Each structure stands twice: as structure tokens, then as C-alpha cells.
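Examination of the molecular architecture
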Amino acid sequence: MSNPEHAYQELAQVFTLRGNQVLEIEIIPSSLGSFLHDGNALGISKKTLVAAYTVARQLFKDLPPNDFSHPAITEIMLFFDCEHLTACNWRKRRLTAATAAESEELLQAELTLMTSYQCSPLHRHTKSPTLWHHRLWLLGHILRVRRTPSELLSILRTELDVVLRAGELHPRNYYAFSHIRQVSVLLVEMGAYWDPSMIDRVIDWCLAHPRDISGWSFAVYILDSSTRQSQLSALEKVTQFALGVGWEGESLWTFIAQAATQFSLGDSVLSILIPPGQTSDSSLVQSDSKWSTWLGLARACWTHDGR
């Protein structure tokens, strides 16, 4: 697909006909072809994307100031360059200029566009501060009309899904987990809450990615406002996992040390780490919240078990 105009038209058609569908977008090697589209899956070569972007950029320069009739132009520009602030601001102005009847539908379509970028295996989009900021701006407008408890809970679940997927695609994704913290503040103030199933999902994600300190830090954050039982259950689950698999990584043990100290659950962790028949000075770990101290207890337990 060497013709830039043809490359632009092909890509613009996919975005235009997308509706509210979330796309899974991937940059493919040129050996697989220049453009592949099947259902919600889109594959495009870097060369073809560059060709489409050159056309989109020129069309954008020629747009009249208040002409919002060609949104695919900026969608392609953000696909190529997720930090293109001018294109992102144009999309904000387009949404702000929409009538009340159009607004909710356009906001929802914009949100699924962000999901398409942020949940696809693209090099920069999953950690783009520009896209995460734009997503938060969208949610602020959506929450003006969606305020029932069930709607708030649905939004919180959806945002958690997006953030965890982005965290899988880009490890230690500070931007994604910062976003879900900000969303949590907004929704909790409006009456939403982190139910036990969502907390379990976060803990399970962290156990599947035990080196990811961003995930563990977020786990402590949501446990801070949860029930005592949820805090205890999460901490025991993580400690038993670490003890069972012989995990020595700093991120996981930092979570154990921080959670045990912050939630005053050190004795519960000690009951798991200290082998039956052995004693330990509980004041040591209560006064020393270093992760290495807790790991030292685990190593002593492994030695006792002959590992």
C-alpha cells in the first residue's frame, strides 16, 4: 500500500465505521502485509501508518477552525503520535461543541477509542500521559449524567479492566495506576466503593505480576479504605503465595511489610511465617517495617522446611 492517500482512506474507514466498538490494534511486520482488518482486530505496518499520518496531518492543517466533521483525521494522528496535544485538544473542542442530544453518544465513542489505544499492544499508547489525562477528562463529563450506584460501579469496573490490561502491556505502568486512583477518588466521593470481588481481582493481578511495584502500591491504596476482613484476607493470601513459591522479589515483600504495618496485621503475617514450634520476637517486625526483615523470616521458614 504505497499510495499515502489510499493508506489514509483505508485506515479512516476503519475508524469511521467503528461505532462504539473497541479495536485491538497492532503494528505488524511488513512481511505480513501492509493492512489487515478482521472484525475488531486491526493490523497495520509502520510504513503504511506513516503514509496515512502524512495525509491526515495535511488535512488537519487545512481544516476550518470550527469544522468537526472529520474526526478520523485526529484519530489517525493520535494513533501515530499519542502525545499530539493539538489533535487531542481538537477532540476536546469537538466534544464540548456537541449538542446535549449528541454529547453522551460521542463521549462513549471517545471513551472506547481511548480503550482501543490503551488496551492494544502499541509501543507508547498504554503509558501515554496525554491519553490518560484525556480519558479522565471524558469520565468527568460522563459522570455528569451517569450517577446511579449501578452506573458508578460499572464505570469503576470498566476502568479497572482497562488499567489492568494496560499494566499487562506495559509493566510498572505508573500512568495507568495513577489514573485509576484519580477515578477512585471521583467515584467514591459520589458513592461508589471497592467491593470484595474487585479487591480480589487486583490482588490476583498483582500475584500474576509480582515484580510490578505500581500494582502492589495500588493494592495497598484500595485496601486502606476496605474492611478489616478484606485487608486480612489479602495479606494472608499474598504471604501464603510468597511462602509457597519461595518468592524473594522486593515488590511483593514491600507490599507485605507496608500492609502489615499500615493495617496493624503483623501478628497475622507472623503466624504464617513462623514454623510451628518456633518462636520469634514479634516486636522486631512491629518496630521494623523493612521488607527485608519479613523476607528474612520467610527464608528462616524455608530453611526449617529443608528448602
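To keep things clear, this report deals only with the structure shown in the data block. (Residues numbered from 1 in each chain as written. Predicted model: local features only at pLDDT ≥ 70, side-chain atom pairs only at ≥ 80, totals over all residues. Heavy atoms only, no water.)

1. A short note on helix α13 (residues 266–273)
For clarity, the cut-off: Using a 1.4 Å probe on the protein chains alone, a residue whose accessible area is under 20% of its type maximum counts as buried, one over 50% counts as exposed, and one in between counts as partly exposed. Here a strand is any run of E in DSSP of at least two residues, a helix any run of H or I of at least four, and the numbering for each starts at the N terminus. This arc corresponds to the set of directions leading from the helix axis out to the C-beta atoms.
By the burial criterion, the buried members of α13 are Gly266, Val269, Leu270, Ile272 and Leu273. The arc enclosing the buried residues of α13, seen along the axis, measures out at 160 degrees, which places them on a common side.

2. A look at the packing of aromatic side chains
Selection rule: Only centres within 6.5 Å qualify two rings of Phe, Tyr or Trp (six-membered ring in Trp) as a pair; their planes then separate them into stacked at under 30 degrees, edge-to-face at over 60, and tilted for everything else.
The tally for this structure, following the rule as stated, stands at 11 aromatic pairs. Ring geometry for Phe15 and Phe79: centres 6.3 Å apart, planes at 75 degrees, overall edge-to-face. Residue Phe15 is found in helix α1 (residues 4–16), and its partner Phe79 is found in helix α3 (residues 71–80); the two are separated by 64 residues along the sequence. Judged by its relative accessible area of 2%, Phe79 is buried. Ring geometry for Tyr174 and Tyr175: centres 5.7 Å apart, planes at 75 degrees, overall edge-to-face. Under the relative-accessibility criterion, Tyr174 is labelled exposed at 57%.

3. Brief notes about the sheet that holds strand β2 (residues 35–38)
The line we're drawing: Strands were regarded as paired on the criterion that DSSP finds at least two bridges between them. To define axes, lines are fitted to C-alpha atoms, for helices over the stretch in contact only, and angles between the resulting N-to-C directions are given on a 0 to 180 degree scale. It only takes one pair of heavy atoms within 4.5 Å for two residues to be counted as in contact.
The strand order β1-β3-β2 describes an open sheet built from 3 strands, whose pairing is mixed. Each edge of the open sheet carries a strand with a single partner, namely β1 (24–28) and β2. Sheet twist, expressed as the mean angle between neighbouring strand axes with direction ignored, is 15 degrees. Sheet topology note: the β2/strand β3 (residues 41–45) ladder contains 4 bridges and is antiparallel. Within β3, the position partnered with Leu36 by the bridge is Gly43. Seen against the sheet, helix α2 (residues 46–62) touches β1 and β3 and runs at an angle of roughly 90 degrees to β3.

4. A word on the packing of α13 against helix α15 (residues 291–304)
To keep things clear, this is the line we draw: Any angle that is under 35 degrees is reported as roughly parallel, and any over 145 degrees as roughly antiparallel; angles of 65 to 115 degrees are reported as roughly perpendicular and all others as oblique. In this count, Pro and Cys sit with the nonpolar residues alongside Ala, Val, Leu, Ile, Met, Phe, Trp and Tyr, while Asp, Glu, Lys and Arg are called charged and the others, Gly among them, polar.
Between α13 and α15, the shortest axis-to-axis distance is 9 Å and the interhelical angle comes to 25 degrees. Between α13 and α15, the crossing angle belongs to the class labelled roughly parallel. Of α15, the residues touching α13 (which contributes Gly266, Val269, Leu270 and Leu273) are Trp294, Leu297, Ala298 and Cys301. Residue composition of the contact of α13 with α15, grouped by class: 7 nonpolar, 1 polar and no charged.

5. Considerations on the side chain of His134
Note the cut-off: Any pair of N or O atoms that falls within 3.5 Å is considered a polar contact. Within protein, one atom must be able to donate a hydrogen and the other to accept it, and sequence-neighbouring residues count only if both atoms are side-chain atoms.
Residue position: His134 is located in helix α6 (residues 129–142). Within the structure, His134 has its side chain in polar contact with the side chain of Lys92 (distance 2.9 Å). Within the structure, the side chain of His134 is placed 2.9 Å from the side chain of Glu110, a separation counted as a polar contact. For His134, the residues in contact, after removing those within four places along its chain, are Cys88, Arg91, Lys92, Glu110 and Met114.

6. Digging into the side chain of Asp212
For clarity, the cut-off: In this tally Asp and Glu are treated as negative and Lys and Arg as positive; neither His nor the chain ends contributes. A side-chain nitrogen of Lys or Arg and a carboxyl oxygen of Asp or Glu constitute a salt bridge if their distance falls within 4 Å.
With respect to the helices and strands, the residue Asp212 is situated in the loop between α9 (196–208) and α10 (213–223). Buried and unpaired, Asp212 has no salt bridge, with Arg172 as the nearest side chain of opposite charge at 5.9 Å. Excluding anything up to four places from it in sequence, Asp212 contacts Gly167, Pro171, Arg172, Asn173, Trp205 and Ser251.

7. Here's the deal with the nonpolar core
The condition that has to hold: Put simply, a nonpolar core is a bunch of buried Ala, Val, Leu, Ile, Met, Phe, Trp, Tyr and Cys residues held in one set by side-chain atoms that sit within 4.5 Å of each other.
Core analysis: the biggest nonpolar cluster contains 99 residues, and Leu11 and Phe255 have the highest contact counts within it. When residues of this core are assigned to their parent elements, the largest contribution, 9 residues, is made by helix α7 (residues 149–169). Excluding residues within four positions of it along the chain, Leu11 makes contact with Phe35, Leu42, Ile44, Leu49, Ala52, Ile76 and Phe79.

8. Thoughts on α3
α3 sits mainly inside the fold: 8 of its 10 residues count as buried. Among the residues making up α3, those that are buried are Ala72, Ile73, Thr74, Glu75, Ile76, Met77, Leu78 and Phe79. Packed against the buried residues of α3 are α1, β1, β3, α2, α4 (85–97) and α5 (100–118).

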